[in-house]
Amino acid sequence: VWDRTNSNIIYALTGDGDEAGISGFVTAYGFSIPSLGVFKSLDGGISWQETGEFPATSGNFHGYKLIQHPVNANTLYAATTVGIYKTTDGGNSWLLVQSGSFTDLEFKPGNPDIMYAAEYSTSSPFWRSTNSGDSWNTASTGISTNTTRIAIGVSASQPDYIYVLAGGSN
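As the structure is a prediction and not an experimental result, all values here were calculated from the model. (Residues numbered from 1 in each chain as written. Predicted model: local features only at pLDDT ≥ 70, side-chain atom pairs only at ≥ 80, totals over all residues. Heavy atoms only, no water.)

S.K.: Hey, could you run me through the pattern of salt bridges in this one?
M.R.: Pairing between side chains becomes possible if they bear opposite charge and their charged atoms approach one another. Overall, the coordinates contain four salt bridges when judged by the stated rule. Close ionic contact of Asp104 with Lys65 constitutes a salt bridge, the shortest N to O distance being 3.0 Å. In this pair, Asp104 sits in strand S8 (residues 102–108) while Lys65 sits in strand S4 (residues 63–68), placing the two residues 39 residues apart along the sequence. In this structure, the salt-bridge partner of Asp160 is Lys108, at a minimum N-O distance of 3.1 Å. (Salt bridge = Lys/Arg side-chain N within 4 Å of Asp/Glu carboxyl O. Helix = DSSP H or I, 4+ residues; strand = E, 2+ residues; numbered from the N terminus.)

S.K.: It is not clear to me how the side chain of Gln98 should be interpreted in this structure. Could you clarify?
M.R.: Summarising the element assignment, Gln98 is placed in strand S7 (residues 95–99). When its relative accessible area of 16% is taken as the criterion, Gln98 is described as buried. Look past the residues within four positions of Gln98 in its chain and what remains in contact with it is Val82, Gly83, Ile84, Trp127 and Trp136. (Buried < 20%, exposed > 50% of the residue type's maximum accessible area, 1.4 Å probe, protein only. Contact = heavy atoms within 4.5 Å.)

S.K.: Teacher, can you tell me more about the sheet that holds strand S11 (residues 137–138) here?
M.R.: The strands that make up a sheet pair up through hydrogen bonds in the backbone, lying either parallel or antiparallel. Pairing within the open sheet is antiparallel, and its four strands lie in the order S8-S9-S10-S11. Edge positions in the open sheet fall to S8 and S11, since each of these has one partner strand only. Bridge analysis of S8 against strand S9 (residues 111–119) gives six bridges, and the strand direction is antiparallel. The residue bridging Phe107 from the neighbouring strand is Met115, located in S9. (Pairing = 2+ DSSP bridges.)

S.K.: Got a minute to help me understand the pairing of strand S10 (residues 126–129) in this structure?
M.R.: Residues in a regular strand point their side chains to alternate faces of the sheet. Across four bridges, the pairing between S9 and S10 is antiparallel. Residue Tyr116 lies in a different strand from S10, and its bridge partner there is Arg128. As paired strands, S10 and S11 are joined by two bridges and run antiparallel to one another. In the sheet register, Arg128 faces S11, and the bridge partner there is Asn137.

Have a look at this one:
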């Protein structure tokens, strides 16, 4: 994630979540590497430093998506296989705001209070927050409970629409 207020600041969430699948090619051949957390560069990517640790992860999780709050550049969110994490201080400290195995996060265009999240393989795969990710609730959507991967799309030209691509394990 490039910091939109300072082009020298870049954040990177490690541990590609797509390789975390039980029967996936990468895992089957022993190449699944857990996340080391979020790294931050202050010099346009020349050097990197680890940000604060995600609490209660035991180093055994994978990262899916990292997004920056559209108004507050120091607030970021990470969708991981152990939950959604939030920082309000540029990554110095992280708080687990929702446990679960999350694959995607998006803001409602034009309203940073409303966020959407997708959870991997669950009976309630779609989540919504109305307070900038401080708390989350499942949302009734009609998406199959057999869904194992969801990608969320939003558009500034249609902010009241949420586009979802959902699929099973095959």
